[in-house]
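Survey of secondary and tertiary structure
Residues per chain, in single letters:
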Amino acid sequence: MKARMKFEIAQAAGMSSPTLSRWLKDHRAQLVALGVKPTQKLLPPKAVAYVCGELGIIEEDFFVA
């Protein structure tokens, strides 16, 4: 996985950005351990892999138009 913006992850998951933000807030401890700050918009590859694994997002989901 590569670094992704939060809105890209929300689109791939089929949810709104505010919904993803609430989900991320519930998983803040895990994300902080991965080096993510709460206000960060671009998530590093390790955090993207974690979020995608938890939400069931696969790489191909990012290429849906």
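All figures in this text were calculated on a predicted structure; none of them were measured in a lab.

From N to C terminus, the chain includes four helices and two strands. Whereas a compact globule of 65 residues would reach a radius of gyration of roughly 11 Å, the chain reaches 11 Å, a difference of no more than 12%. When the backbone C-alpha atoms are referred to their principal axes, the chain occupies close to 30 × 20 × 20 Å. When contacts within the chain are restricted to residue pairs at least 6 apart in sequence, long-range pairs at least 24 apart make up 67% of them. Of the charged side chains in the chain, 9 are positive and 6 negative, and the gap between their average positions amounts to 12 Å.

Right, let's get into the nonpolar core. Taken as a class, soluble globular proteins show a tendency for nonpolar side chains to be buried jointly. Counting residues in each nonpolar core, the largest one holds 15 residues, and the members touching the most others are Ile9, Leu24, Leu31, Leu43, Val51, Ile57 and Phe62. At the level of elements, helix H1 (6-13), helix H2 (17-26) and helix H4 (45-55) are the ones that each hand at least two residues to this core. Among the elements that line this core, the one with the most residues is H4, at four residues.

Remark: H2 packs on H4, axes separated minimally by 12 Å, with the N-to-C direction vectors making an angle of 105 degrees. When the interaxial angle is binned, H2 and H4 end up roughly perpendicular. Taking contact as the criterion, the partners of Leu20, Trp23 and Leu24 in H2 are, on H4, Tyr50, Val51, Glu54 and Leu55. Per-class residue counts for the contact of H2 with H4 are six nonpolar, no polar and one charged.

The subject of this paragraph is the environment of Ala49. Relative to the helices and strands, Ala49 is located in helix H4. Considering only alpha carbons, one finds Ala49 and Arg4, 45 residues apart in sequence, at a separation of 10.0 Å.

Those residues of H4 that sit buried are Ala47, Val48, Val51 and Cys52. For H4, the arc enclosing every buried residue in end-on projection is 130 degrees, short of the 170-degree limit, so these residues lie on one face. Pointing more than 90 degrees away from the buried face of H4 are the exposed residues Lys46 and Gly53. Contact partners of the buried residues in H4: strand E1 (4-5), H1, H2, helix H3 (28-33) and strand E2 (42-43). After H4 finishes, the residue Gly56 shows a positive phi value of roughly 75 degrees.

Thresholds, definitions, all that
- Residues numbered from 1 in each chain as written.
- Predicted model: local features only at pLDDT ≥ 70, side-chain atom pairs only at ≥ 80, totals over all residues.
- Heavy atoms only, no water.
- Helix = DSSP H or I, 4+ residues; strand = E, 2+ residues; numbered from the N terminus.
- Rg over C-alpha atoms; globule rule 2.2 N^0.38 Å.
- Contact = heavy atoms within 4.5 Å.
- Lys, Arg positive; Asp, Glu negative; His and termini not counted.
- Charge placed at Lys NZ, Arg CZ, Asp CG, Glu CD.
- Core = buried A, V, L, I, M, F, W, Y, C linked by side-chain atoms within 4.5 Å.
- Buried < 20%, exposed > 50% of the residue type's maximum accessible area, 1.4 Å probe, protein only.
- Axes fitted to C-alpha atoms, helices over the stretch in contact; angles between N-to-C directions.
- Parallel < 35°, antiparallel > 145°, perpendicular 65-115°, else oblique.
- Nonpolar A, V, L, I, M, F, W, Y, C, P; charged D, E, K, R; others polar.
- Arc of directions from axis to C-beta.

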